Structures are given as structure tokens and as C-alpha cells.
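# Residue-level structure breakdown
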Amino acid sequence: MSIRPEEVASIIKKELLNYKAKLKVESVGTVLYVGDGIARVHGLDDVMAGELVEFPGNILGMVFNLEEDNVGIVIFGSDKEIKDGDIVKRTGKIAQVPVGNALVGRVVDALGRPIDGKGPVVTEKFRFLEARAPNVVERQPVKEPMQTGIKAIDSMIPIGRGQRELIIGDRQTGKTAIVVDTIINQKNSDVYCVYVAIGQKLSNIVAVVKTLEKYGAMEYTTVVAAPPDEPAALQYLAAYAGCALAEEFMYSGKHALVIYDDLSKHAQAYRQLSLLLRRPPGREAYPGDIFYLHSRLLERAAKLNDKLGSGSLTALPIIETQAGDMTSYIPTNVISITDGQIYLENDLFYAGVRPAINVGLSVSRVGGKAQEKAMKQVALRLRLDLAQYRELAAFTQFGSELDKATQAQLVRGERMVEVLKQGQYEPYSLAKQVIIIYAGTNGYLDDLPLAVVKKFEAEFYKFIEEHYADIEHEIETHKELKDVMKEKLNQALSAFKKTFQI
């Protein structure tokens, strides 16, 4: 087969006409130093702060420091494969995380990558890890209750939707137990939950996920996990990732609850990164912007105004103290940012008062406005009774003679402490809490031996369900304890006490 020269020429001309030169410009830099999860890179002159960059082997990093002659980058993953002189490419993307309904019921890492073995997360929505907090005009006052199902909290330290309430205490005092119960209690509400585990042992994270699955709470919960073996960069970013996931629901006009467990380890991860990148250390070797680290995170929790859809984001940060010291650096920082704190005490925990909430040191600076009317009616006396009981209990240790009024107050206080004890994974409905606190504050438990108060409570709930079901229904529906209901409740208590066997 012979090819004529003019045919060849026409083919070449056609190809030349179709040829379009494509010029691809990439901004790249070279690694000057790598080690301990950070890299210094030269040459990325136009890179942005917080931008994702790519190392060889598809390892991602984030720009952390912008300096005159180099860029400090934190690495998401192992730095063993990265060597001096390697090429680093810009991605042009600021650090972001996938969000939306596709992440509900999943366990993901700090970059939104699934780690639960249930396949990829399919979503087209992304949010930046760092975002501006809603301003004054975009917010409205916190006025809707966020029921935790825990009697001691809902009655005396109530939390509202859009509030930031700190949970603080030593290790092993039941901090995580409170937040897990709160998540379980949202089962029949419209609240989406995000649990962020920062620096928690993998076994603990697995135990929390298993518990949430057991009680059907994973159906509306996302877990963001950053265990201790993850790089410090991912532990630092996990809190912001969890906040971004929850914000998606808030800005969609829904209600979200985000739990940071815990911000002490978050601050330590940030300190590690800052010291490695030679940022100047301050008090306790934390960098100077450690306060801003948590304030810009927690200020993103809000109750939005009606124009923006009335969504809310409630934050429950956790702080671990050392030997009950609330006055150290990180605890005082976070106390000053939040709208109140729930303080868990070692001594109470070991004395069998669980949840081990110290009512004197715990406070909610918003909650009263966001408390259901029925609870407000019965709990006004409760805090006063407990405060007086604590004072008298301390005073009577000196063994002085007691008059009848003092003895009565001590008896009442002991019964109320017993009423507020609660087993783990047993959140109570509003009606049940109101009923038993009403019984306690109105003296119906005063003549009972302390050992049978719990038995009385459990059997009284059954009695109410069988014979006075309308009381519970009325309280749950109207959120108020009307005089007619009080009369009925008094009748129910009197009738039950006649049949109750100690």
C-alpha cells in the first residue's frame, strides 16, 4: 500500500489546525525540613493561610505559619515518606470538611473521611473548618430549653438551645457519661448531635459509639474521632470539623448539639504544633493566642434569628482539671468564654452521689430563661433547700444540739440529694422529673427511710402511668403545672403513700 506525499501533508495540516497549546502553571515549593509532623517549605510564595497542600504520596498538609522565607506546614498523616527536597504542590483549597445528612450516623476523622468501614461519604456539600461566628444582629436570646434528661441539670443548671455550657471536673468523675446521656435524651426531639472525641483512647471512642448504637442514638449523631495516635494537627482540627458539621444543621434552620471531649487535650495539641513551629510560648508554654483558639470555636454556637431560620447550635465543651483545680490556665479561659459550668466533684462521686454535680460551684448564666415553666415552678425551692442543707450539714459536723426546724431541713436535704441521684443511660422525661421533684420539695418523702427513696420513685412512676396518666400528658403538652394538676398530683401522692410498702 503506497502513501502519497500530498496525503501526509494534508493530515499534518489538519492536526496542526486542531492543536491547542495547554499551559498548566503549578505553584510548587521544596521541603527544607521535615519531622515531628511538621514541614518547612520554601517557594510557596502565593500560598494562603489555612490552605491545603499536597506532599508526594497524596499526603495532605495545612499551611500554619507564613514567614518571610518559608512556610510552616502541619502534616495530616505520617511524615516518614517525606524527605528534604521533595516537591510540595498547592491545592488552592482552604481546609474544609464534607457536611450534610450523609454524615449522620457515621464515624469520621477530622477531615470528614469515614473510619467506620461503612463505605464512602457521598455528599456535595462542604463547609470551611474555620468560619465567622454569627454577629449580634444575626442572633436572638437563648430561650428554648435543651433537655438533658438529667434531673440535677434540668432542674438547677438548665441549658438552653444556643448556649455554651462547660462541663468541668477531674478525670473519671462522669463528664462523658453526662454528655452521652444528653445525646440519648434527644431521641424523640429534633436535635442533631455531633460528638467530637479529641485525644480519647480508641477503646473509649468505640465504647461511646456502641452505647449510642444500643440506645438508637447513632441515627441522629455523627462522631468525629481524633485518637491519641493521630497527628497533633488532626487532634487540633477535630473540634473545628465537628463545629462545621453542626453548623450545617443550624444554618438549615435545624437544631444541633456539639460536644467537645475534651478541650484540654485540644489545647495541648495546639501547644505541641505551636512549639514545633517555634511560635513564642507564654504561660504554661501555651502560645499567646490560646484564648482565641477556644473563643473563636465556642462563639460559633448561637441561636439564630427568625430571618436566618431560627436554627440553633448548642455547645457542651468538656475540660479536665488536675486535682480539682478550676483556677489553672485553660479552665479559667474556657469558664470566661462559656455561659456557665457544671462542676463535677471527686468527693461526691466517691460518696455515691452520681452525677457528682457540685451545685454550689455550678451555674447556668442563661438557663433560667430557657427553663420549662413546670420545672421552674417545682425547682425554685430545690436549689434553696439544697444550699441550706449543705450549710447545715457542714455546721452539724461539730455535733451541736439541733432544733426541730434544723432537723427537718437536714431530712429534706438528704431526701433531695437521693432524688437527684440517677443511673447512667437513664434520662428522664420532663414530666417524670417534675413529678418526683414536686414530691420531694413538698415534703412527701420526708417521713420515708433514706434507703427506700429510690424504690418509692420507681414505683410511683408506674402508679402514675397506671392511674393518673393524664398528669404526665398534661405536663408534657402544656409544660406547666396548673393548680388543677397540683391537686391531682397531691391526690396521687397521698393515694400511693397509703399503698407503698417500705
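What this report covers is the structure whose coordinates are included nearby. None of the values given here were measured: they were computed from a predicted structure. (Residues numbered from 1 in each chain as written. Predicted model: local features only at pLDDT ≥ 70, side-chain atom pairs only at ≥ 80, totals over all residues. Heavy atoms only, no water.)

Across its full length, the chain holds 15 helices and 16 strands. In terms of overall dimensions, the chain has a C-alpha envelope of 115 × 55 × 45 Å along the principal axes. Residues counted as buried form 52% of the 502 residues belonging to the chain. For the chain, the exposed surface amounts to about 23700 Å²; the carbon and sulfur share of it is 54%. Charge-centre separation for the chain: the mean point of 61 positive side chains lies 3 Å from the mean point of 65 negative side chains. (Helix = DSSP H or I, 4+ residues; strand = E, 2+ residues; numbered from the N terminus. Buried < 20%, exposed > 50% of the residue type's maximum accessible area, 1.4 Å probe, protein only. Areas by Shrake-Rupley, 256 points an atom, 1.4 Å probe, with all protein chains shown as cover. Lys, Arg positive; Asp, Glu negative; His and termini not counted. Charge placed at Lys NZ, Arg CZ, Asp CG, Glu CD.)

To continue, consider the nonpolar core. If you look at the biggest cluster of nonpolar residues, it comprises 81 residues, and the most contacted ones within it are Leu212, Phe460, Ile471, Ile475 and Leu489. Grouped together as the second largest cluster of nonpolar side chains are 64 residues, Phe64, Ile168, Leu234 and Leu313 included. (Core = buried A, V, L, I, M, F, W, Y, C linked by side-chain atoms within 4.5 Å.)

Within a sheet, each strand pairs with its neighbour through backbone hydrogen bonds, oriented either parallel or antiparallel. Ordered by their spatial adjacency, 6 strands build a closed barrel running β1-β2-β5-β4-β3-β6, and the pairing between neighbours is antiparallel. Neighbouring strand axes in the sheet, compared pairwise and without regard to direction, differ in orientation by 45° on average. Bridging between strand β1 (residues 28–35) and strand β2 (residues 38–42) involves 5 bridges; their strand directions are antiparallel. From the neighbouring strand, tyrosine 33 faces β2, where its bridge partner is arginine 40. Strands in contact with helix α6 (residues 263–276) are β2, β4 (59–66) and β5 (71–76); relative to β2, the strand with the most contacts, it is inclined by about 40°. (Pairing = 2+ DSSP bridges. Axes fitted to C-alpha atoms, helices over the stretch in contact; angles between N-to-C directions. Contact = heavy atoms within 4.5 Å.)

This next bit is on the sheet that holds strand β11 (residues 191–198). Strand order in this open sheet of 8 strands is β8-β12-β11-β13-β14-β10-β15-β16, and the pairing throughout is mixed. Here the strands that pair on one side only, and so sit at the sheet edges, are β8 (107–108) and β16 (363–364). For β11 and strand β12 (residues 221–226), the ladder comprises 6 bridges, and the chain directions are parallel. Note on β12: the bridge partner recorded for isoleucine 198 is alanine 226.

Let's shift gears to the side chain of glutamine 371. Its location among the elements puts glutamine 371 in the loop between β16 and α10 (373–395). Sequence-distant contacts of glutamine 371, defined by excluding residues within four places in its chain, comprise Asp154, Ser155, Pro158, Lys376 and Ala379.

Using the criterion set out here, one finds 0 disulfides in the structure. Unpaired in this structure, cysteine 193 has its nearest cysteine sulfur neighbour in cysteine 243, at a distance of 14 Å. Residue cysteine 193 is classed as buried on the basis of its relative accessible area, which comes to 2%. Its relative accessible area of 1% is what places cysteine 243 among the buried residues. (Disulfide = S-S within 2.5 Å.)

With that settled, the discussion passes to helix α1 (residues 5–18). With 14 residues, α1 extends 20 Å from end C-alpha to end C-alpha; this agrees with the ideal 20 Å at 1.5 Å per step. Counting buried positions over the 14 residues of α1 gives 0, only a small fraction of the element. (Expected span 1.5 Å × (residues − 1).)

This part takes up helix α8 (residues 329–337). Most of α8 is tucked away, with 7 of its 9 residues classed as buried. Looking at the packing, one finds that the buried side of α8 touches β10 (166–169), α6, α7 (290–298), β14 (312–320) and β15 (340–344).

Right, let's get into the packing of aromatic side chains. Taken as a whole, this structure holds 16 aromatic pairs when the rule is applied. Centroid distance tyrosine 236 to tyrosine 240: 5.6 Å. Interplanar angle 65°. Geometry classified as edge-to-face. One end of the pair, tyrosine 236, and the other, tyrosine 240, are both in helix α5 (residues 232–250), 4 residues apart, so they sit about a helical turn from each other. Relative accessible area serves as the criterion here: at 0%, tyrosine 240 is assigned to the buried category. Taken together, the ring pairs connect Phe456, Phe460, Phe463, Tyr468, Phe496 and Phe500 into an aromatic cluster. Against the face of tyrosine 428 rests lysine 151, its NZ or CZ located 4.6 Å from the ring centre. Lying over the aromatic face of tyrosine 461, lysine 432 brings its terminal NZ or CZ to 5.6 Å of the ring centre. (Phe/Tyr/Trp six-rings, centres within 6.5 Å; stacked < 30°, edge-to-face > 60°. Lys NZ or Arg CZ within 6 Å of the ring centre and 35° of its normal.)

Attention now goes to the side chain of threonine 148. Among the secondary structure elements, threonine 148 is positioned in the loop between β9 (126–128) and α2 (151–156). Polar side-chain contacts of threonine 148 include one of 3.1 Å to the backbone nitrogen of isoleucine 150. Within the structure, threonine 148 has its side chain in polar contact with the side chain of aspartate 154 (distance 2.9 Å). What threonine 148 contacts, discounting residues up to four positions off in sequence, is Ile153, Asp154, Ile159, Asp181, Thr182, Asn185 and Pro427. (Polar contact = N/O pair within 3.5 Å; in protein donor to acceptor, adjacent residues only side chain to side chain.)

Glancing now at the packing of α5 against α7. For the pair α5 and α7, interaxial distance at closest approach is 10 Å and the crossing angle is 20°. Comparing the axis directions of α5 and α7 gives the class roughly parallel. Here α5 runs over α7; the crossing is left-handed. Mapping the contact onto sequence places Tyr236, Ala239, Tyr240 and Cys243 in α5 and Leu293, Arg296 and Leu297 in α7. (Parallel < 35°, antiparallel > 145°, perpendicular 65-115°, else oblique. Left-handed = near helix turned anticlockwise from the far one by under 90°.)

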